[in-house]
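# Coordinate analysis (summary)
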Amino acid sequence: MPSSKSPEPASSPSNRPRLFSRGSYSEKLRIGEILRKETVGGMLLVAAAVIALVWANSPLSDSYFALRDFEIGYEPWHLELSLGAWAADGLLAVFFFLVGLELKREFVAGDLRNLSKAIVPVAAAVGGVVVPAAIYAVINLSSPETLDGWAIPTATDIAFAVAVLAIIGSHLPSALRIFLLTLAVVDDLLAITIIAVFYTEDLEITPLLLALAGLALYTFLAQKYRRFFGLKASAAWFILLPIGVVVWALVHASGIHATVAGVLLGFAVPVIRSQASGGPEAGPGLSEIFEHRFRPLSAGFAVPVFAFFSAGVAVGGWDGFVSSLTDPISLGIIAGLVLGKPLGILGTTWLLTKVTRATLDASFKWIDLLGVAVLAGIGFTVSLLVADLSFGHGTLPNDHAKVGILTASIVAALLAALILTRRNRHYRAVEEEENVDDDGDGVPDVYQRPDAARAQD
């Protein structure tokens, strides 16, 4: 006898695809380890920026600027640079190398290899770049000389953001943490693409061609190091690192910002899944080895040192601070980061739910996504880099841009803290559920349910 209960319509909420459902447990562990390291780096970054600001506005300010502008290096190779430039062009290349590694790993071996999982953070990142840039451009439309800074409010500083999460004690669930990290990595990639395309003025063809040849050799050796040298992944970097440094120097000499070399070198590193079975290729690949070696260097040294040399701006007392905030440059940056980022991220995600008929996972509400989107308005490291490229070191527009970046990042951090701490009780409940392992097999039960398995397909 047929059941009297009619089948559930295909468009019912329970049958619709869900955004921010839990991914794989291995991905949760990996992202958790990354964010723990970035939290420490974020604390160091904030401390370095505070020291720079205090020093630059103290009676000893001349010594700070003398240190920042002290030049060292080999001029025939175009490498006689100030310490501030070495931090921006050299140390940040390490940071962007990790951006390239992380993005490739996510799309080759991570949860984002599935289009259904990748589309949301990628689209949200695009929205979080386009809307802030548009807001800045509108505010500065009547001032063509300041329009060059349109890209300043486009990037999210993941280290600063997770440092805020640590300070406020937020128990943000793993799905939203993964979204935040992926969002930040993607918009960093968009930012470096903008730098390569829009902030390259005098292009030198010969160094560029040599850099491409070096990159091709680096890529070939990274793929074939076992066959040609019989090396383990943990030893291959002895060969690849010198080639990478040469590629970086040639890209710098070509006129393209040298941090672009970091991303390209990161993309060239092969990603090998740890789950691979059999054969010598099983186990950690170069991507995992390099990330393990270079992330502490990036988070613990490269980014904080860059922040120290870039965040130091002579505000000029209260009157100077107020004057800076009334500049269209500062207003555009603050509006772009504090308003544009959340609007772009939240609006794009909402639009996707309408187009795909997807719903948020039952564990979250739109207020949770709003908190993460506001947190993404902390644009510090890459924003400072773009400000230097837009207006030049030591200029008044650059000083005003830095005041806008610092102000916007603080405001975004405070607003995000206000939203997320009010949801902490809910986040703790979700976290407790994600840690229950009744069968004692080492994998929490929620990651072994049929719906979790479907989410990983």
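Provided above is the structure to which this section pertains.
The rules behind these values
- Residues numbered from 1 in each chain as written.
- Predicted model: local features only at pLDDT ≥ 70, side-chain atom pairs only at ≥ 80, totals over all residues.
- Heavy atoms only, no water.
- Helix = DSSP H or I, 4+ residues; strand = E, 2+ residues; numbered from the N terminus.
- Buried < 20%, exposed > 50% of the residue type's maximum accessible area, 1.4 Å probe, protein only.
- Contact = heavy atoms within 4.5 Å.
- Areas by Shrake-Rupley, 256 points an atom, 1.4 Å probe, with all protein chains shown as cover.
- Axes fitted to C-alpha atoms, helices over the stretch in contact; angles between N-to-C directions.
- Parallel < 35°, antiparallel > 145°, perpendicular 65-115°, else oblique.
- Nonpolar A, V, L, I, M, F, W, Y, C, P; charged D, E, K, R; others polar.
- Phe/Tyr/Trp six-rings, centres within 6.5 Å; stacked < 30°, edge-to-face > 60°.

### Digging into the overall build of the chain
In terms of regular secondary structure, the chain is built from 17 helices and 4 strands. For the chain, buried positions account for 54% of its 457 residues. Long-range pairs, those at least 24 residues apart, make up 79% of the contacts in the chain between residues at least 6 apart in sequence. As displayed, the chain has an accessible area near 20,400 Å², and 66% of this comes from carbon and sulfur atoms.

### Observations concerning the packing of helix H6 (residues 174-198) against helix H14 (residues 381-391)
Axis separation between H6 and H14 bottoms out at 11 Å; the angle between their running directions is 10°. With respect to each other, H6 and H14 are oriented roughly parallel. Listed contacts from H14 to Asp188, Ala191 and Ile195 of H6 are Val382, Leu385, Val386 and Leu389. When its residues are assigned to classes, the contact of H6 with H14 shows 6 nonpolar, no polar and 1 charged.

### Thoughts on the packing of aromatic side chains
Two descriptors summarise a pair of aromatic rings, namely the distance from one centre to the other and the angle between the planes of the rings. For the coordinates displayed, the defined rule picks out 12 aromatic pairs. An angle of 50° between the planes, with centres 5.9 Å apart, marks the rings of tryptophan 55 and phenylalanine 308 as tilted. In this pair, tryptophan 55 sits in helix H1 (residues 25-56) while phenylalanine 308 sits in helix H10 (residues 286-311), placing the two residues 253 residues apart along the sequence. Classification of phenylalanine 308 by relative accessible area gives buried; the value is 16%. Arranged with centres 5.1 Å apart and planes meeting at 80°, the rings of tyrosine 64 and phenylalanine 65 form a pair that is edge-to-face. Of the residues examined, tyrosine 64 reaches a relative accessible area of 0% and is grouped as buried. Of the aromatic side chains, those joined through ring pairs into one cluster are Trp55, Tyr64, Phe65, Phe308 and Phe309.

### Some words on the environment of alanine 118
Within the secondary structure, alanine 118 sits in helix H4 (residues 115-139). Along the backbone, alanine 118 and glutamate 106 are 12 residues apart, and their C-alpha atoms lie at a distance of 9.0 Å. When near neighbours in sequence (up to four residues on either side) are disregarded, alanine 118 contacts Phe107 and Leu112.

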